[in-house]
Amino acid sequence: MDQGVKRIMLAGVGGQGILLASRVLSSGLLKAGFDVKSSEVHGMAQRGGSVVTQLSYGKKVYSPISGAGAVDLLITLEKLEALRYVHFLKKNGTLLMNAREIPSLPILIGAAEYPADIEERLSRYPISLYTIDADREAEKLGNPRVMNVVLLGAMVKLAGLSELVDWPSVVAESVKPAYREINLKAFAAGQNLV
Amino acid sequence: MEKVILSGNEAVAQGAFQAGVGLGIGYPGTPSTEIIEVLEKMKGPECAWSINEKVALEQAYGACVSGLRCIVTMKHVGVNVAADPLFTFAYMGVNGGLVIVTADDPGMHSSQNEQDNRWYALHAKVPMLEPSDSQECIDFTASAFELSERYDVPVFLRMVTRVCHSRSVVEIDPEQKYLRQLRDYERNVPKFVTLPAHARARRVILEENLNKLTKDQAAKGINRMEITNTDIGIITAGASYNYVKEAFGDRYSVLKLGLVYPIDQETVYEFARQVKKIYVVEELDPYLEFNIRALGVECEGKKYISPFYELNPQIVAASLSRAGFEPLEELDPAAEEPAANVPVRPPILCAGCPHRSFFYLAKREKVTVVGDIGCYTLGAAPPLDGIDVSACMGGGYAIALGLSLNPPEGKKIFGVVGDSTFYHSGITGAIDSIFNKRNFVPVVLDNRITAMTGHQQNPGTGQTLSGEETFMQEPERIFKAVGYDRVMEVNAYDLKKLRDAIREAKETEERVAIVIKSPCRLLKGVEKGAVPEIDREACQKCKACLRLGCPAISLGGEGYPVIDTLSCTGCGVCKQVCKHDAIRVKEQEVDS
């Protein structure tokens, strides 16, 4: 018996705007009539550390979190985080990776090197890999902070959810009026990237 | 009614609001913090941050004696701080309902241990409800207040990170008005004054009330039996229930205990009659397993399920596969193992954090430092390496006092706490040091806010939770009042003065304290300084600046460091550690 639960995981670095992306997605899925559960990590983990949010949706969802090997769609806002969490994907799962590189502490202080072969290593996994430069799109729109919504647009398309609900209105409801227009543009730009 | 998505913490606040709570109080601590913040914004109940968990619980108790319903919140280790009054309040009982939220952190996402606070319920004889999602957080909070008043006992609501910070769908009435519940105050000395003779009588009353509570139909309704298989049944509770259902659906019968203390034996016996074999699935300790065995019911649990860290559906499925369980979905992972050689990404002090300079200098001045709980615990990590021991709130001073009796390398011991921690329980160690003449220097990293938990007010900020102005405590005044001869107040960004202060404190015979007073860089209104650049001609590639562990400085091309102009806050500390004058703010060109 398949309960038809789809599991999404977002990973990035503290401060990249993961929570907003995950909350907009939750609102849209609720509007579309799904049961939704998500899980966030606050506190110590936010101080520039690796940050993960998980989200599951379906007819009836019990668990807000999933273990390794069980995720359908992994979205990483940073490349190193893609490598760190790729084993959470199911076989034939989808990885949407933002092309941004943010060095972590050992790399900053010269104790480790930022891996140069992330794409090549990821290409050896039995998954579908999509790489986009959401930061560049956001900068083109004039506000680097909407990178998360660019990725959200791409993610919604890859998850096959574009037609499910009026996403522009969900996005508009989730951000301050002054930032509505740019976030709507960012969402549309993301949809066009994949 | 309207369907909305709430986090567990928001839902507890909603439940307390609906129950007409008169006071919400606590001490900030992940994952509990948002409950009080959200309740305060709902307007109606009195809400406050207290100085520590014990004082919070005691205030809540006083308010409950007066007839108000009260909710008091803390993280799991906070209950250790509040444990003294807790055990006696159970004997004394309540007037208005009293609900104590313990927010446990299995997996230690943001904590120093993963103690299982269900034992506190058993130990203190305080009934405990354990919700598994946001709707239950609302419903169980309401039930907790009712049971508290009906059976004259405080009630625990046990949350875990994956309930506090998980978001799920709830039904609420957006038009709900705040209606404060209030009971009459009656002076009752045998109940509220715990002389031994009174306590002996209350001890029996407590036991009778707990027995009555398990027979209450509403209390029984908090537990749920799902009989779908007469061979195998699982007893579980809280977050673990979610993992069991996600892994196995309806394949096996489930007894979901919402009331985990006192355990209703009739319900457990009924479940044991309906299934042939019982397994227990629970995170952390075998709390349910021990208690169910004590009822004479055979069961297995920790034989298969790990006693440490968090569970999830896949771990539950894999663990119980060894007992022959079949999950709904066979796991077909993209990889068997995590990718190898992925550089770690630990949390670090922010760019421009005022805590950085003390730890940088402490290492170079070779002082032994005992740390405490807060952002500044990160001062222990490389490259700062500035802390030898760190355990608990207030331990930054008191552990240092003991260490000073047999000091490593025969030197004076420094203890470091933040401002909120100083008021929480640092003060007591500072006074003990004077009393017992310890060879110890207390340091306060006073960044004018409780930073780690997301900027809560404390007695040193001059503002209450609701933003009202209040008296602003100063650590300097307190040190002087309790017997310190001299308090050195230093700016965190003045490395020379800070180094001098550390050296002087090390050598002097006087009783000295150091207060490093610079606000958190994330606070509103804290201005960014001029962002410097690396002058490649002057730079000798010595990497001294990299040893600050500042996220704005990284090793760039050809071995030269690079300053990221976006994240740099212009704090100027790197300029001061550069011996070659290679970090400079570009002079603005002046028109001639």
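What you see is a predicted model; the values in this text were computed from it and never measured.

1. What to know about the overall build of chain B
Next, step 1: Regarding its fold elements, chain B presents 20 helices and 22 strands.
Next, step 2: On C-alpha atoms alone, chain B measures out to a radius of gyration of 27 Å, which is about the 25 Å that the 2.2 N^0.38 rule sets for 592 residues.
Next, step 3: When its C-alpha atoms are laid out on the principal axes, chain B stretches across 90 × 65 × 55 Å.
Next, step 4: Sequence separation of at least 24 residues holds for 75% of the intrachain contacts in chain B that already meet a minimum separation of 6.

2. Digging into the overall build of chain A
Next, step 1: From N to C terminus, chain A includes 8 helices and 6 strands.
Next, step 2: Along chain A, from the amino end to the carboxyl end, the secondary structure elements read β-α-β-β-β-α-β-α-α-β-α-α-α-α.
Next, step 3: For a compact globule of 194 residues, the expected C-alpha radius of gyration is about 16 Å, and chain A comes in at 16 Å, within 12% of that figure.
Next, step 4: Taken over 194 residues, chain A has a buried fraction of 54%.
Next, step 5: Once local pairs closer than 6 in sequence are excluded, the contacts in chain A between residues at least 24 apart make up 65%.

3. A short note on the sheet that holds strand β5 (residues 89-98) of chain A
Next, step 1: On the basis of which strands lie adjacent, the open sheet formed by 8 strands has the order β6(A)-β5(A)-β4(A)-β1(A)-β3(A)-β2(A)-β8(B)-β1(B) and mixed pairing. Two strands in the sheet have a free side with no partner beyond their single neighbour: β6 (128-132) of chain A together with β1 (2-7) of chain B. When strand polarity is set aside, the average angle formed by the axes of neighbouring strands in this sheet is 20°.
Next, step 2: Sheet topology places strand β2 (residues 35-39) of chain A next to strand β8 (residues 166-172) of chain B; 3 bridges connect them, and they run antiparallel. Residue K37 of chain A lies in a different strand from β8 of chain B, and its bridge partner there is S168 of chain B.

4. A closer look at the interface of chain A and chain B
Next, step 1: Across the boundary between the two partners, chain A contributes 52 residues, which contact 50 residues of chain B.
Next, step 2: Elements with a contribution of two residues or more to the side of chain A that touches chain B: α1 (18-31), β2, α2 (79-85), β5 and α3 (105-108) of chain A.
Next, step 3: In terms of residue class, the side of chain A that touches chain B is made up of 26 nonpolar, 18 polar and 8 charged.

5. Overview of the pairing of β8 of chain B
Next, step 1: With 6 bridges joining them, β1 of chain B and β8 of chain B adopt antiparallel strand pairing. Opposite I5 of chain B, over in β8 of chain B, you have V169 of chain B as the bridge partner.

6. What to know about the packing of helix α1 (residues 8-18) of chain B against helix α2 (residues 34-41) of chain B
Residues and elements named next belong to chain B.
Next, step 1: At a minimum axis separation of 8 Å, α1 and α2 run at an interaxial angle of 45°. Of the possible angle classes, the one that applies to α1 and α2 is oblique. The handedness of the crossing between α1 and α2 is right-handed. Across from N9, E10, V12, A13, A16 and F17 in α1, the residues of α2 making contact are E34, I35, V38 and L39.
Next, step 2: Tallied by class, residues from the contact of α1 with α2 come to 7 nonpolar, 1 polar and 2 charged.

7. Considerations on unusual backbone geometry
Residue and element names in this part refer to chain B.
Next, step 1: Along the chain, T30 connects to P31 via a cis peptide bond; the corresponding omega equals 10°.
Next, step 2: Mapped onto the elements, P31 comes out in the loop between β2 (23-26) and α2.
Next, step 3: Put simply, P382 and P383 share a cis peptide bond, and its omega is 5°.
Next, step 4: One non-glycine residue, H455, lies in the positive phi region at around 70°.
Next, step 5: As for its position among the elements, H455 is in the loop between β16 (440-446) and α18 (475-481).

8. Digging into the domain arrangement of chain B
Next, step 1: Under the domain assignment, chain B is made up of domain 1 (2-219), domain 2 (224-321), domain 3 (356-517) and domain 4 (533-584).
Next, step 2: Taking only C-alpha atoms, the centre of domain 2 of chain B and the centre of domain 3 of chain B are 46 Å apart.

9. So, the environment of P131 of chain B
Residues and elements named next belong to chain B.
Next, step 1: Along the chain, P131 falls in the loop between β6 (128-129) and α6 (134-150).
Next, step 2: A sequence separation of 67 residues divides P131 from H198, and the C-alpha atoms of the two residues are 35 Å apart.
Next, step 3: Look past the residues within four positions of P131 in its chain and what remains in contact with it is E136, C137, F140, V163 and G238.

10. Regarding the sheet that holds strand β14 (residues 368-370) of chain B
All names here are of chain B.
Next, step 1: Judged by pairing direction, the sheet is parallel, and its 5 strands sit side by side in the order β14-β15-β16-β18-β17 without closing on themselves. Both outer strands of the open sheet, β14 and β17 (486-490), are each paired with one neighbouring strand and no more. The mean angle between the axes of side-by-side strands here comes to 25°, regardless of whether they run parallel or antiparallel.
Next, step 2: Pairing analysis gives 3 bridges linking β14 to strand β15 (residues 413-418), with the strands arranged parallel. Paired with T368 across the two strands is I413, which belongs to β15.
Next, step 3: Contacting β15 and β16, helix α17 (residues 419-435) crosses the sheet at an angle of about 150° to β15.

11. Regarding helix α12 (residues 265-274) of chain B
Residue and element names in this part refer to chain B.
Next, step 1: Within α12, burial applies to V268, F271 and A272. Looking down the long axis of α12, one finds its buried residues gathered within 100° of arc, a one-sided arrangement. Exposed residues on α12 whose side chains face more than 90 degrees from its buried face are E266 and R273.
Next, step 2: Close packing links the buried residues of α12 with β9 (224-226), β10 (232-236), β11 (253-256), β13 (277-281) and α13 (287-294).

12. Side note on the packing of helix α6 (residues 147-158) of chain A against helix α8 (residues 180-193) of chain A
Residue and element names in this part refer to chain A.
Next, step 1: Across the interface, α6 lies against α8 with an axial gap of 6 Å and an inter-helix angle of 45°. The orientation of α6 relative to α8 falls into the category oblique. Judged by the twist between their axes, the crossing of α6 over α8 is right-handed. Mapping the contact onto sequence places V149, V150, L151, L152, G153, A154 and K157 in α6 and N183, A186, F187, A188, A189, G190, Q191 and L193 in α8.
Next, step 2: Considering only residue class, the contact of α6 with α8 consists of 10 nonpolar, 4 polar and 1 charged.

13. Section: the pairing of β2 of chain A
Residues and elements named next belong to chain A.
Next, step 1: Burial runs high along β2: 4 of the 5 residues are buried.
Next, step 2: Pairing geometry for β2 and strand β3 (residues 50-58), over 5 bridges, is antiparallel. Across the sheet, residue V36 finds its bridge partner in β3, namely Y57.

14. Here's the deal with the nonpolar core
All names here are of chain B.
Next, step 1: If you look at the biggest cluster of nonpolar residues, it comprises 107 residues, and the most contacted ones within it are A60, C70 and I235.
Next, step 2: Beyond its immediate stretch of four places on either side in the chain, C70 contacts V21, G22, L23, A60, A63, C64, G96 and L98.
Next, step 3: Among the nonpolar cores identified, the runner-up in size contains 75 residues, and V370, Y397, Y423 and C578 belong to it.

15. Some words on helix α16 (residues 395-403) of chain B
Residues and elements named next belong to chain B.
Next, step 1: For α16, a buried count of 8 out of 9 residues is recorded, marking the element as mostly surrounded by other parts of the structure.
Next, step 2: Among all positions of α16, only G395, G396, Y397, A398, I399, A400, L401 and L403 are buried.
Next, step 3: Among the structural elements, β14, β15, α17 and β16 are those in contact with the buried residues of α16.

Cut-off values and rules
Residues numbered from 1 in each chain as written. Chains lettered and ligands numbered in written order. Predicted model: local features only at pLDDT ≥ 70, side-chain atom pairs only at ≥ 80, totals over all residues. Helix = DSSP H or I, 4+ residues; strand = E, 2+ residues; numbered from the N terminus. Rg over C-alpha atoms; globule rule 2.2 N^0.38 Å. Contact = placed C-beta atoms within 7 Å. Buried ≥ 20, exposed ≤ 12 C-beta atoms within 10 Å, placed from the backbone. Pairing = 2+ DSSP bridges. Axes fitted to C-alpha atoms, helices over the stretch in contact; angles between N-to-C directions. Nonpolar A, V, L, I, M, F, W, Y, C, P; charged D, E, K, R; others polar. Parallel < 35°, antiparallel > 145°, perpendicular 65-115°, else oblique. Left-handed = near helix turned anticlockwise from the far one by under 90°. Domains from an automatic or database assignment. Arc of directions from axis to C-beta. Core = buried A, V, L, I, M, F, W, Y, C linked by C-beta atoms within 7 Å.

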